Amino acid sequence: MTSLLVIIVLVLLAVALWQLTKIFDLTQVGSESDSSQVASDNDNNVQGYLMFGFLAFIYIFSIYCLFTWGSLVLHTPASAHGAEVDNLMNITWVLIFIVQAVTQVLLHYFAFKYRGKKDQKALYFADNNKLEAIWSVIPAIVLAGLILYGLYAWTNIMFIDNDDDTVVVELYAQQFKWTARIAGEDNVLGKANVRYIEGINTLGVDLSDPYSQDDIVVSELHIPKGKKIHFKMRSQDVLHSAYMPYFRAQMNCVPGMVTEFAFEPVYTTAEYRELPYMVEKVANINTLRAKKSIDLVAKGETALDPYSFDFLLLCNKICGASHYNMQMKVIVDTPEDYKKWLSEQALLVQQVKESKASAPIEGGISNDSLKSNDTIAVSKIAMK
């Protein structure tokens, strides 16, 4: 409703300004005015100075945005390759700002210097080979260097040595949730296919495959610090994108194929929470939540819970109505804590067996209830 009122007010202001200009035109009837539609020297001077004003606006607003919202960008990377990604991004930003600063200054300066003047003719020439060479060769060299460095960084990031001691994890995407499958002691994931999806086996794991006998399926992923995690990603329905911003990791999850990405965590969740910038960020968020909670409580609503930082796996593709809510917590443990957590998880095969054992049979009677009824019958016979 507030947005609608703002739009209505803006429309009314525009109509009022338009009417004022009409009234101003009517007051000029009878006075001498230039209606030739050709710009005069005064018009050109005004336009030239406005170009400088717009140039100042660009840089003042850019500096203001940098200081006001610069702290909201991602900070310290939590993966080994993150520093290389950030370095590539920073080089790109510096080049963009340098080129933008030079070209915009030249553009607005020449627009002012060569503004129209009475009896002045523009100098025309068909081409200039020297200028053409300069503005073609220099950008080509800069872009080639940037692209080559990007390919080098991407190759290093994407290289996965099968001989390395890695933890193999499958990320399974579906509208609108993530599920993770961790390879067991053999560190090999069992085969999977959508045709095998049944009951608790929501990932379609082939339970007859020997490699699937020690697979573990979880909805909250734990990974160890200091060890490379080899992610294999699948999608059940539409195109999703596995995005872990603090690990500088993103890869599309494509239906019908397996995509891969690997990284090594360098901070545990507890360690990252203690970084000075994160402590300050969490404190600021909780200050805002506390202020918002005062208003909510005054209206009789529930106050907001305090915020605590966690690594998250997000979907970075608009995959449907609940896309915004498609996320999974990723907890980085020490190697010892990870082993302990892993030992406490039930195997997928075990979960499927338990679900079948307690599943209702024809007539709505479960196997457990049949066993219970048999026990009661035997007891009655014994009493007789």
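So, here is what we can say about the structure in this document. (Residues numbered from 1 in each chain as written. Predicted model: local features only at pLDDT ≥ 70, side-chain atom pairs only at ≥ 80, totals over all residues. Heavy atoms only, no water.)

### Quick word on the overall build of the chain
The helix and strand tally for the chain stands at nine helices and twelve strands. Out of the 384 residues belonging to the chain, those deemed buried represent 27%. Relative to all contacts within the chain whose residues are 6 or more apart in sequence, the contacts with residues 24 or more apart total 70%. Just so you have it, the chain exposes about 26000 Å², and 63% of that area is on carbon and sulfur atoms. (Helix = DSSP H or I, 4+ residues; strand = E, 2+ residues; numbered from the N terminus. Buried < 20%, exposed > 50% of the residue type's maximum accessible area, 1.4 Å probe, protein only. Contact = heavy atoms within 4.5 Å. Areas by Shrake-Rupley, 256 points an atom, 1.4 Å probe, with all protein chains shown as cover.)

### Some remarks on the side chain of Glu170
Its location among the elements puts Glu170 in strand 1 (residues 167-174). A polar contact is formed between the side chain of Glu170 and the side chain of Arg234, at a distance of 2.6 Å. Apart from residues no more than four positions distant in its own chain, Glu170 is found in contact with Thr179, Ala180, Arg181, Leu189, Leu203, Lys232 and Arg234. (Polar contact = N/O pair within 3.5 Å; in protein donor to acceptor, adjacent residues only side chain to side chain.)

### Looking at a nonpolar patch on the surface
A cluster of nonpolar side chains, Tyr49, Phe52, Val94, Ile98, Val102, Val105, Leu106, Tyr109, Phe110 and Tyr114, forms an exposed patch at the surface whose accessible area comes to about 960 Å². Secondary-structure elements contributing two or more residues to the nonpolar patch are helix 2 (41-69) and helix 3 (82-113). The dominant element in the nonpolar patch, judged by the number of residues it contributes, is helix 3, at seven residues. With relative accessibility at 35%, the residue Tyr109 sits in the partly exposed group. (Patch = residues over 30% accessible without salt bridge, like charges linked within 9 Å, V, L, I, M, F, W, Y side chains within 5 Å. Salt bridge = Lys/Arg side-chain N within 4 Å of Asp/Glu carboxyl O.)

### Remarks on the packing of helix 3 against helix 4 (residues 129-158)
As a packed pair, helix 3 and helix 4 sit with axes 10 Å apart at the nearest point and diverge in direction by 165 degrees. Classified by the angle their axes make, helix 3 and helix 4 are roughly antiparallel. The chirality of how helix 3 crosses helix 4 is left-handed. Between helix 3, through Glu84, Val85, Asn87, Leu88, Ile91, Thr92 and Leu95, and helix 4, the contact on the second element is made entirely by Val142, Leu146, Tyr149, Gly150, Tyr152, Ala153, Asn156 and Ile157. Looking at the contact of helix 3 with helix 4 residue by residue, the classes come out as ten nonpolar, four polar and one charged. (Axes fitted to C-alpha atoms, helices over the stretch in contact; angles between N-to-C directions. Parallel < 35°, antiparallel > 145°, perpendicular 65-115°, else oblique. Left-handed = near helix turned anticlockwise from the far one by under 90°. Nonpolar A, V, L, I, M, F, W, Y, C, P; charged D, E, K, R; others polar.)

### Digging into the sheet that holds strand 2 (residues 177-182)
Here five strands make up an open sheet; going across it, the order is 3-2-1-5-8 and the pairing mixed. The outermost strands of the open sheet, each flanked by one partner alone, are strand 3 (216-218) and strand 8 (259-263). Across this sheet, the average inter-strand angle for adjacent strands is 25 degrees, counted without regard to direction. Pairing geometry for strand 2 and strand 3, over three bridges, is antiparallel. (Pairing = 2+ DSSP bridges.)

### Focus on the sheet that holds strand 7 (residues 249-253)
Overall, mixed pairing links the five strands, which are arranged 4-10-9-6-7 in an open sheet. Both outer strands of the open sheet, strand 4 (221-224) and strand 7, are each paired with one neighbouring strand and no more. The average undirected angle you get between the axes of adjacent strands in this sheet is 25 degrees. One ladder, built from four bridges, connects strand 4 with strand 10 (residues 327-333); its direction is parallel. Across the sheet, Pro224 pairs through a bridge with Asp333, a residue of strand 10. Each of strand 4 and strand 10 is contacted by helix 7 (residues 335-343), which is oriented at about 140 degrees to strand 4, the strand it contacts most.

### Examining the packing of aromatic side chains
Under the counting rule described, the total for this entry stands at 22 aromatic pairs. Seen in terms of ring centroids, Tyr267 and Tyr272 are 5.6 Å apart; in terms of plane orientation they differ by 80 degrees. Their pairing is edge-to-face. Using a relative accessible area of 0% as the deciding quantity, one classes Tyr272 as buried. Three or more aromatic residues joined by ring pairs form one cluster here, namely Phe231, Tyr246, Phe247, Phe263, Tyr267, Tyr272, Tyr277, Phe309 and Phe311. (Phe/Tyr/Trp six-rings, centres within 6.5 Å; stacked < 30°, edge-to-face > 60°.)

### Comments concerning helix 2
Along its 29 residues, helix 2 runs 42 Å from first to last C-alpha, staying within 8% of the 42 Å computed at 1.5 Å per residue. Of all the positions in helix 2, only Asn44, Gly48, Leu55 and Ile58 are classed as buried. In the core, the buried residues of helix 2 are packed alongside helix 3. (Expected span 1.5 Å × (residues − 1).)

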